[in-house]
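Listed below are the residues making up each chain.
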Amino acid sequence: MGTQETNEHAQTPGRRALLGAAVLGASGAVLGLGGTARADASGEGRGVKSLPVPTIIGHRGASGYRPEHTLAAYQLALDMGADVVEAGDLVPTKDGHLVCRHEPEIGGTTDVADHPEFADRRTTKTLDGVATTGWFTEDFTLAELKTLRAKERIPANRPHNTLYDGRWEIPTFEEVLRWQDEQTKRRGKQVWIYPELKHPTYFRGLGLGLEERVAKVLRKHGRHKWHSPVILQSFEPTSIQRLNKLVDNPLVVLLSGATTRPWDFVETGDPRTVADLIKPAGLREIASYAQGIGPTLDLIIPKDKAGKLTEPTTLVADAHKVGLILHPYTLRNENPFLPADFRKGTDPDAYGDVFGAYRAYFATGIDGVFTDHPDTGLLAREDFVNG
């Protein structure tokens, strides 16, 4: 998508049990509730348990309709009714501020290439073992980044989003937290966010450790507690373990393809792959320091060689047995991002049968899903709840 001192840390089993309770009956228990997903009726101040299940998470905001990781995308996700907004893939600036970008390389998501004053910042770096050329947030001060404007990352699939290129700036994490406060007050309902810590091992090697910076900002805003409406996630398990010692927020380990290895494992020589982490022993280990996992959808239902869905794995049941919630990623409306059995035609920006895809994934008992189109996700959930 990202990665506990105080007396609250002693309550870790309690907060884990709280999240675990949210997964019980994730598929069957939501049925027959008159179009409303199951949620704790007394959920105020009850943490993740208060969220509806299946939870609809606006992936980088409503990024199907606005350039991702802008306050406009976050705002639209809320306006559409998203239960949670993934407000922040967090990366640092040269002067140590946290900003919201999908990757530290910003050539694809901002107009930096149109700024001749930054032409000499273009460079090639090795990012998690991959040579990457472009402009990187860690080479800019916050003031410099604020002169840039966001643009659509995948214009071939979302040409309509290019209408908004150049309109919005890069938000900081602190600005997101202030926005969260403002929206909560305005709506009279707690707004939830789901930031991700991007490439923590890479940034730690540059002297820009993310976990400590995130914890400091959360503590400054009083959002570092077990019931705080901020879920933290990362693809690196050791980053989540580090966060577990710094804050009491709900924590989620993101999981990529089964044959991949988290980059922190590569750096430390840990031979395990994601396939090892999703075995019962691996899930038990994750449950000792995190409350959930964010697997790619292919770990829930694999695809065959033709790209069509096969039979679901046991991952949902196995994770639930150890009290972990599952928020897989990412459902998008456009054809190229859907399983082959739900595509309609070949137009790369045309919508397929995404409602059919939602039905298939919801039926596995997942606790929520990241989606670029929150409005579609909410309609799909209503269909599922009503049977």
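Rules and cut-offs
Residues numbered from 1 in each chain as written. Predicted model: local features only at pLDDT ≥ 70, side-chain atom pairs only at ≥ 80, totals over all residues. Heavy atoms only, no water. Pairing = 2+ DSSP bridges. Helix = DSSP H or I, 4+ residues; strand = E, 2+ residues; numbered from the N terminus. Contact = heavy atoms within 4.5 Å. Axes fitted to C-alpha atoms, helices over the stretch in contact; angles between N-to-C directions. Parallel < 35°, antiparallel > 145°, perpendicular 65-115°, else oblique. Left-handed = near helix turned anticlockwise from the far one by under 90°. pLDDT = per-residue confidence, 0-100.

**Q** How should I be thinking about the sheet that holds strand 7 (residues 192-193) in this particular structure?
**A** Pairing between the strands of a sheet comes from backbone hydrogen bonds, and it takes one of two forms, parallel or antiparallel. Ordered by their spatial adjacency, four strands build an open sheet running 7-2-1-13, and the pairing between neighbours is parallel. Among the strands making up the open sheet, the edge pair consists of strand 7 and strand 13 (368-371). With two bridges connecting them, strand 2 (residues 84-85) and strand 7 associate as parallel partners. Of the residues in strand 7, the one forming a bridge with Val84 is Trp192. With respect to the sheet, helix 14 (residues 374-385) is in contact with strand 1 (55-58) and strand 13, its orientation differing from that of strand 1 by roughly 170°.

**Q** What's the story with the packing of helix 4 (residues 173-187) against helix 6 (residues 210-220) in this structure? I'm lost.
**A** Between two packed helices, the angle of one axis relative to the other and the distance separating the axes together describe the packing. It is the contact of helix 4 with helix 6, at a shortest axis distance of 11 Å, that shows an interaxial angle of 30°. By the criterion of interaxial angle, the relationship of helix 4 to helix 6 is roughly parallel. Helix-helix and strand crossings are classified by hand; for helix 4 and helix 6 the assignment is right-handed. On helix 6, the residues that touch Phe173, Glu174 and Leu177 of helix 4 are Val214, Val217, Leu218 and Lys220.

**Q** Looking at this structure, I do not really get the confidence of the model for the protein chain. What am I missing?
**A** Interpretation of the predicted coordinates at a detailed level should be avoided for regions scoring low in pLDDT. In the predicted model, the protein chain carries a mean pLDDT of 90, and the fraction of residues at 70 or more is 88%. With pLDDT under 50 throughout, residues 40-44 is counted as low confidence; its partners more than four residues away or in other chains account for four contacts.

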